[in-house]
Amino acid sequence: MLDAKLLRNDMGAVVEKLARRGFRFDAETFNQLEQQRKDLQVKTEQLQAQRNQSAKAIGKAKAQGEDVQPLLDAVADLGEQLEQAKQAFDQVQHEMDMILASTPNLPHDTTPIGASEDENVEVARWGEPRQFDFEVKDHVALSEARGWYDNEAATKVTSARFSVLKGSMARLQRALTQFMLDTHGFEHGYEEVYVPYIVNQDSLRGTGQLPKFAADLYKIEKHSEHDTSDRDLYLIPTAEVPITNLMRNEIIDEDALPLMYVAHTPCFRSEAGSYGKDVKGLIRQHQFEKVEMVQFVHPDESYAALETLTQHAANILQKLGLPYRMMALCSGDIGFSSAKTYDLEVWLPGQNAYREISSCSNFEDFQSRRMMARFKRGQGKPQLLHTLNGSGLAVGRTLVAVLENYQNADGSITVPEVLRSYMDGIEQI
RNA sequence: GGAGACGUGGCCGAGAGGCUGAAGGCGCUCCCCUGCUAAGGGAGUAUAGGGUUUGUAGCUCUAUCGAGGGUUCGAAUCCCUCCGUCUCCGCCA
């Protein structure tokens, strides 16, 4: 959520920055609402003050045994006036909240300006794609040949875009997960956390998935019909949601910063609107495994933190010996809540292309403001934290990359060295 | 899943329709005192939003006692719904 004060004081800059990401902000409507809000809020609060005063006066008079009736008569219609003012105020406030909740973050000045992913900027490249002296297969051909990947079974059990993995491939995925968690935990200094895979709406609002992207989420209906509360729960689309919301409505001491968490979770995405893309194989699934890093940092540190966080993700690829490139996403391609995002794209021989395997973002205070996630120094005023997160990495896609990059002519797969200790020392599967 | 008890500030804990944004204690911050430590004295110590303002200063208003509704001139206090915690029973990994 953007800072409402910024909208009041510097609307021009907001509109310009949002335009960079192709978002048209209706300043005129907002300004009109803001004017109404101001009037209605002042009016409502004046009436409330008046009510409070007279209630006190009545209390005092009663205590002294005076006749209270004249005082009661004097405030007879105050309640109704207040009710009306309050309703009008709530209505305007609600409209403004809806606008703010649906407005994306401002791109940072270092985010390249562009309309679509075609204008993302490559900022680094690591590793040389391997030269094969045989015809490369993609991960689907490789894994099906070995009986490791059973798409039909998944379709039978659930539906399209789910997977059943078997044998060495299932084990390799688990090895990758362990390797990533251990690397981030032991080498990069993250605290490992285990979190729920089902979250409530407040959490999804906090990180920005709601209200705008409900269609991409799997929703679990509330249990009973006479439950009048706002109780619908959702499967997590990423561990970002439960981890980042750990700090919702919290004020932590500045000395505790930065907080760095890593977790492994499955992720569930209904991916509305992705029909026809990557229909084959593990690239785009409704359920996939991911190791996620989240950082809560001092506002002054967040851009340095974005660089190191991205490096932590890249380090996994380097240890696995997987060639990749690092892209700075342009203003038209960054996510709703992000101010700046780097994507890491891994080389997939089967597709002869680099494909996204990690996305690392700085949200600045956009999520913190929604969540009221703050820190303070000593007795000082609480300030909003900056939040960051990044995949470290998308495990399913890493599995694809390992299969394709480490394939041998006979269809076997060489196990990358760093994974062997997680595979009972096996060198080849 | 059943039955009961309970949710108050950083923590403990009073309050049971009006002068309570909330006693008291602990903790914390600052000042004084003390040769150091300990002890003692004093002051302060929630969050958000609004108005005023060049201002994150000051002044002032509003809201918040698990959440949301209701009753009332007035609600931490009464009523309803929900959420959560604890104890006992059942069930289960």
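This text gives an overview of the structure that appears in the document. If you're wondering where the values come from, they're calculated on a predicted model, not measured in any experiment.

1. Structural notes on the overall build of chain A
Within chain A one finds 14 helices and 14 strands. Expressed along its principal axes, the backbone C-alpha trace of chain A runs to roughly 100 × 45 × 45 Å. By residue count, 48% of the 429 residues in chain A fall in the buried class. Sequence separation of at least 24 residues holds for 74% of the intrachain contacts in chain A that already meet a minimum separation of 6. Accessible area of chain A: about 21,200 Å², with a carbon and sulfur share of 48%. Side chains of chain A give 46 positive and 63 negative charges; the mean places of these two sets differ by 1 Å.

2. Some points on the packing of helix 8 (residues 167-187) against helix 11 (residues 302-320)
Taken N-terminus to C-terminus, the directions of helix 8 and helix 11 make an angle of 125 degrees; their axes are 11 Å apart at the nearest point. When the axes of helix 8 and helix 11 are compared, the pair comes out oblique. Regarding helix 8 and helix 11, the two cross each other, and that crossing is right-handed. In this structure, helix 8 uses Leu-176, Phe-179, Met-180, Thr-183, His-184 and Glu-187 to contact helix 11, whose residues at the interface are His-312, Ala-313, Asn-315, Ile-316, Lys-319 and Leu-320. Across the contact of helix 8 with helix 11, the residue classes break down as six nonpolar, four polar and two charged.

3. Things to note about the protein's contact with RNA strand B
Near RNA strand B you find 26 residues, and of these Arg-8, Arg-37, Gln-48, Arg-51 and Ala-55 are the closest. Take the atoms of RNA strand B that sit within 4 Å of the protein: sugar and phosphate atoms are 73% of them. Arg-37 is positioned with one of its side-chain polar atoms (N or O) 2.8 Å from a sugar or linking oxygen of RNA strand B. The contact in question runs from a phosphate oxygen of RNA strand B to an N or O atom on the side chain of Arg-51, over 2.7 Å. If you list the elements that add at least two residues to the surface near RNA strand B, you get helix 1 (4-9), helix 3 (27-63) and strand 12 (374-376). Per-element tally for the surface near RNA strand B: the top contributor is helix 3, with 14 residues. Residues of the surface near RNA strand B, tallied by class, amount to nine nonpolar, seven polar and ten charged.

4. Here's the deal with the packing of aromatic side chains
The relation between two aromatic rings is expressed through the spacing of the ring centres and the mutual angle of the planes. Under the defined criterion, the tally for this structure stands at eight aromatic pairs. With centroids separated by 5.5 Å and ring planes inclined at 80 degrees, the aromatic side chains of Phe-132 and Phe-134 adopt a geometry described as edge-to-face. Aromatic pair Trp-347 and Tyr-354: ring centres 5.0 Å apart, planes at 65 degrees, arrangement edge-to-face. In this structure Tyr-354 comes out as buried when scored by relative accessible area, which is 12%.

5. Quick word on helix 2 (residues 11-20)
All of the buried residues along helix 2 are Met-11, Val-14, Leu-18 and Arg-20. Elements that come into contact with the buried residues of helix 2 comprise helix 1 and helix 3. Positive backbone phi, approximately 80 degrees, marks Gly-22, located one or two places after helix 2.

6. Notes on the pattern of salt bridges
A complete count under the given rule lists 18 salt bridges for this structure. Across the pair Arg-325 and Glu-122 runs a salt bridge, and its minimum N-O distance is 3.6 Å. Here Glu-122 lies in strand 1 (residues 121-126) and Arg-325 lies in strand 9 (residues 324-328), a separation of 203 residues in the sequence. Residue class for Glu-122 comes out partly exposed when judged on its relative accessible area of 32%.

7. Things to note about the side chain of Thr-265
One can find Thr-265 in strand 7 (residues 259-268). Setting aside anything within four residues of it in sequence, one finds Thr-265 in contact with Val-195, Tyr-197, Ile-236, Ala-239, Phe-288, Glu-289 and Lys-290.

8. What about the sheet that holds strand 4 (residues 219-220)?
Read from one edge of the open sheet, three strands run 3-5-4, paired in antiparallel fashion. Both edges of this open sheet fall to strand 3 (198-200) and strand 4, since each of them pairs with a single strand only. Taken together, the two bridges between strand 4 and strand 5 (residues 233-235) define a ladder with antiparallel strand orientation. In the strand pairing of strand 5, Ile-220 is matched with Leu-233.

9. Some thoughts on unusual backbone geometry
Only a minority of non-glycine residues have a phi that is not negative, and only a minority of peptide bonds are not trans. Cis peptide bonds are those with omega within 30 degrees of zero, and the linkage from Leu-210 to Pro-211 qualifies with 10 degrees. Across the junction of Gly-392 and Leu-393, the peptide omega takes the value 10 degrees, indicating a cis bond. In this structure, Leu-393 sits in strand 14 (residues 386-394). In this model, Asn-249 sits at a positive phi of 60 degrees, which is unusual for a non-glycine residue. With respect to the helices, strands and loops of the structure, Asn-249 is situated in the loop between helix 10 (240-244) and strand 6 (251-253). Residues other than glycine seldom take positive phi values, yet Asn-352 does so here, at roughly 50 degrees. Of note, Asn-352 is situated in the loop between strand 10 (340-348) and strand 11 (353-364). When its relative accessible area of 58% is taken as the criterion, Asn-352 is described as exposed.

10. Description of the pairing of strand 11
Counting buried residues along strand 11, ten of its twelve residues qualify, which places the element largely inside the surrounding structure. Examined bridge by bridge, strand 10 and strand 11 share nine bridges and lie antiparallel to one another. Bridged to Leu-344 within strand 11 is Ser-358. In this structure, the hairpin formed by strand 10 and strand 11 is closed by a connection of four residues, where Asn-352 is found at a positive phi of approximately 50 degrees.

11. Some thoughts on the side chain of Asn-120
With respect to the helices and strands, the residue Asn-120 is situated in the loop between helix 5 (78-101) and strand 1. According to the relative accessible area criterion, Asn-120 is buried, its value standing at 12%. At 2.8 Å, the side chain of Asn-120 forms a polar contact with the backbone nitrogen of Cys-330. Dropping the residues within four chain positions of it, Asn-120 is found in contact with Met-327, Ala-328, Leu-329, Cys-330 and Asp-333.

About the criteria used
- Residues numbered from 1 in each chain as written.
- Chains lettered and ligands numbered in written order.
- Predicted model: local features only at pLDDT ≥ 70, side-chain atom pairs only at ≥ 80, totals over all residues.
- Heavy atoms only, no water.
- Helix = DSSP H or I, 4+ residues; strand = E, 2+ residues; numbered from the N terminus.
- Buried < 20%, exposed > 50% of the residue type's maximum accessible area, 1.4 Å probe, protein only.
- Contact = heavy atoms within 4.5 Å.
- Areas by Shrake-Rupley, 256 points an atom, 1.4 Å probe, with all protein chains shown as cover.
- Lys, Arg positive; Asp, Glu negative; His and termini not counted.
- Charge placed at Lys NZ, Arg CZ, Asp CG, Glu CD.
- Axes fitted to C-alpha atoms, helices over the stretch in contact; angles between N-to-C directions.
- Parallel < 35°, antiparallel > 145°, perpendicular 65-115°, else oblique.
- Left-handed = near helix turned anticlockwise from the far one by under 90°.
- Nonpolar A, V, L, I, M, F, W, Y, C, P; charged D, E, K, R; others polar.
- Near = heavy atom within 4 Å.
- Polar contact = N/O pair within 3.5 Å; in protein donor to acceptor, adjacent residues only side chain to side chain.
- Phe/Tyr/Trp six-rings, centres within 6.5 Å; stacked < 30°, edge-to-face > 60°.
- Salt bridge = Lys/Arg side-chain N within 4 Å of Asp/Glu carboxyl O.
- Pairing = 2+ DSSP bridges.

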